Number of protein chains: 2
Amino acid sequence: MDTTFWLGNLAAILTSLSFLPQAIQVIKTKDTKSISLPMYLMFVIGIALWLVYGLLKNDLPLILANIITLIFSSIILFYKIKE
Amino acid sequence: MDTTFWLGNLAAILTSLSFLPQAIQVIKTKDTKSISLPMYLMFVIGIALWLVYGLLKNDLPLILANIITLIFSSIILFYKIKE
């Protein structure tokens, strides 16, 4: 429960939850014009691999953070594809 | 050098480099309308904290991945702010 531990947790929370306002904006406006398709294709696959990595390592914070990020980023990718 | 190791590395490469096509698109088009400002504010701060976390833990892959992501995501944030 040292500084490093809390710093890592705060970092994980910020980077995971950051995709929420983007997902909300995309759902509300249906506008994905300036969002990059290759970015979200690479990102969603990458996060899915992070999730498998977390499962293999039995690392709960990694698993939880990546489930959250996978949900939000998949929503953004879905709207981008059907644009 | 097992499957888990390579899976983690592939995941890190994909999620780090995914911000490159978005940065290129933003630089070329100057269009950031559908990109969420709160997302990139939270994300850039989060990645900066991940970098500090990596430095404190002396974790080279974490440091390198987050330096790359910090550069690309800061470019996107810069263009969004001056939009």
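In this text, all values refer to a predicted model and were calculated from it rather than measured experimentally.

Peer 1: What's the story with the relation of the copies chain B and chain A in this structure? I'm lost.
Peer 2: Between chain B and chain A, which share one sequence, the superposing operator has a rotation angle of 180° and an axial displacement of 0.0 Å; the RMSD is 0.0 Å. The transformation just described matches what one would write down for a two-fold rotation axis. Across chain B, the smallest distance between a C-alpha and the rotation axis is recorded for B:Ser34, namely 2.7 Å. Taken together, the interface assignments show that 100% of the residues at the interface of chain B recur at the interface of chain A, consistent with an identical surface on both copies.

Peer 1: In this structure, what is going on with unusual backbone geometry? I would like to understand it.
Peer 2: Most peptide bonds take the trans form, and the phi angle of most residues other than glycine is negative. All names here are of chain B. Look at Lys30: it is not a glycine, yet its phi comes out positive at around 55°. On the secondary structure map, Lys30 appears in the loop between helix H2 (19–29) and helix H3 (37–57). Note on Lys30: relative accessible area 52%, which makes it exposed. A positive phi angle, close to 55°, is found at Asn58, a residue other than glycine.

Rules used in this analysis
- Residues numbered from 1 in each chain as written.
- Chains lettered and ligands numbered in written order.
- Predicted model: local features only at pLDDT ≥ 70, side-chain atom pairs only at ≥ 80, totals over all residues.
- Heavy atoms only, no water.
- Least-squares fit on C-alpha atoms with pLDDT ≥ 70 in both.
- Contact = heavy atoms within 4.5 Å.
- Helix = DSSP H or I, 4+ residues; strand = E, 2+ residues; numbered from the N terminus.
- Buried < 20%, exposed > 50% of the residue type's maximum accessible area, 1.4 Å probe, protein only.

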